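# Observations on the three-dimensional arrangement
Residue-level listing of the chains:
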Amino acid sequence: MSPSTSSLARLPKKLNEQWEQHLDPFETLLAENLTVPPDAVTVAASLDGVMLPMKDGKRQEKREKSVADGKRTRGPAGCQEASCGTLSFYDDQGDRLSTIRMGRMPESKKATLKKSLSNLLDKVLQQKPNLTLVKVADGARDNWTYFTKELPEGEEIVDYYHAAEHLKKAFDLAYGENSAKSKEKFSTYRHILKEEPGGVEKIIKALAYQHSKHPRRSKLKTELKYFRKNRLRMNYAEHLSRNLPIGSGVIEASCKTLVTQRMKCSGMRWRCPGGQGILTLRSLIQSGWFDCGWMLLSVTYRAKVNMVSDNVIPFSSGKGNIER
């Protein structure tokens, strides 16, 4: 027999209810049992998000408002941002050794995820305080506010591949989308950005020149501002020379495997309790913590039963004997 659809729907909600009631002690116990890989010299912290279709996302109301405002009604109406966080360990050659993954359903400012990531990082640095901390993310302001103000000091780096996307867009705006000249400039300057010391300053100089030629192209000015704002987080050549990570591929993959592959199939819509149960269990599995996490969770379903032999009712075995 297979479990019914209704049972499968109730199970993650019930498991999530128990886990969330004991979230802080459970995460503390998991962190205390963490063993940092012996060859690790770098730990990288990352945050990102992915839009998730929600049952209570007010999809219809948003579409009706768009129509009333004369706006396009296509797009992810009724979606909210689920969030993912990772801690990855690297050896002195820059090879990734292991990753701890976390996922949370939509909430304001990623508050629970940030708290969990901070607490776990504290435990890691207590265990091995000489690790080099690298903070890697895209250019989202909220991510960097958290990384700068709430995490210990470390190397900050904007994901190179996001930066390259902005560079491609800037040259498309200057020379024409996918034009031969745009492709040529992008091919040249993306290598400068990645491999030459101070490469970002050359990017800024080139884009400033293009903006002076096309002052009315506001989107080009926006791309120039992006590089100016993040110039201190784009020392890619220096990071590569020290075998430090410069890309956020790990967190991008986590968003895909934790959320997208499981929770964005055709017709799916979620509420927070059931969705969080799924994310918690998938995070435990992908972090190699499932056995420990399941042991903690199963304890909440156990109760000690004391039996008094005098209260046991005897029954017949069918052979004329009385058994207890």
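If you're wondering where the values come from, they're calculated on a predicted model, not measured in any experiment.

The buried fraction of strand E2 (residues 79-90) is high, at 10 of 12 residues. As defined by bridge partners, strand E1 (residues 42-53) adjoins E2 across 12 bridges and the pair is classed as antiparallel. Note on E2: the bridge partner recorded for Met-51 is Glu-81. Taken together, the 8 bridges between E2 and strand E3 (residues 96-104) define a ladder with antiparallel strand orientation. Its bridge partner lying in E3, Phe-89 is registered against Ser-98. The hairpin formed by E2 and E3 contains 5 residues between the paired strands, and Gly-94 there has a positive phi angle of roughly 85 degrees.

Below, the discussion takes up the environment of Pro-37. Examined against the element boundaries, Pro-37 turns out to sit in the loop between helix H2 (23-32) and E1. Each C-alpha atom, one on Pro-37 and one on Lys-128, is 9.8 Å from the other, the two residues being 91 residues apart in sequence. Sequence-distant contacts of Pro-37, that is, excluding residues within four places in its chain, are made with Phe-89, Leu-97, Ser-98 and Lys-128.

All right, on to the packing of helix H6 (residues 160-175) against helix H7 (residues 180-195) then. With their axes 9 Å apart at the nearest point, H6 and H7 run at an angle of 145 degrees to one another. The crossing of H6 and H7 is right-handed. Contact with H6, carried on its side by Tyr-160, Ala-163, Ala-164, Leu-167, Lys-168, Phe-171, Asp-172 and Tyr-175, involves Lys-181, Ser-182, Lys-185, Phe-186, Tyr-189, Arg-190, Leu-193 and Lys-194 of H7 and no other residues of that element. Class assignment for the residues of the contact of H6 with H7 results in 9 nonpolar, 1 polar and 6 charged.

So, how was this worked out
Residues numbered from 1 in each chain as written. Predicted model: local features only at pLDDT ≥ 70, side-chain atom pairs only at ≥ 80, totals over all residues. Heavy atoms only, no water. Buried < 20%, exposed > 50% of the residue type's maximum accessible area, 1.4 Å probe, protein only. Helix = DSSP H or I, 4+ residues; strand = E, 2+ residues; numbered from the N terminus. Pairing = 2+ DSSP bridges. Contact = heavy atoms within 4.5 Å. Axes fitted to C-alpha atoms, helices over the stretch in contact; angles between N-to-C directions. Left-handed = near helix turned anticlockwise from the far one by under 90°. Nonpolar A, V, L, I, M, F, W, Y, C, P; charged D, E, K, R; others polar.

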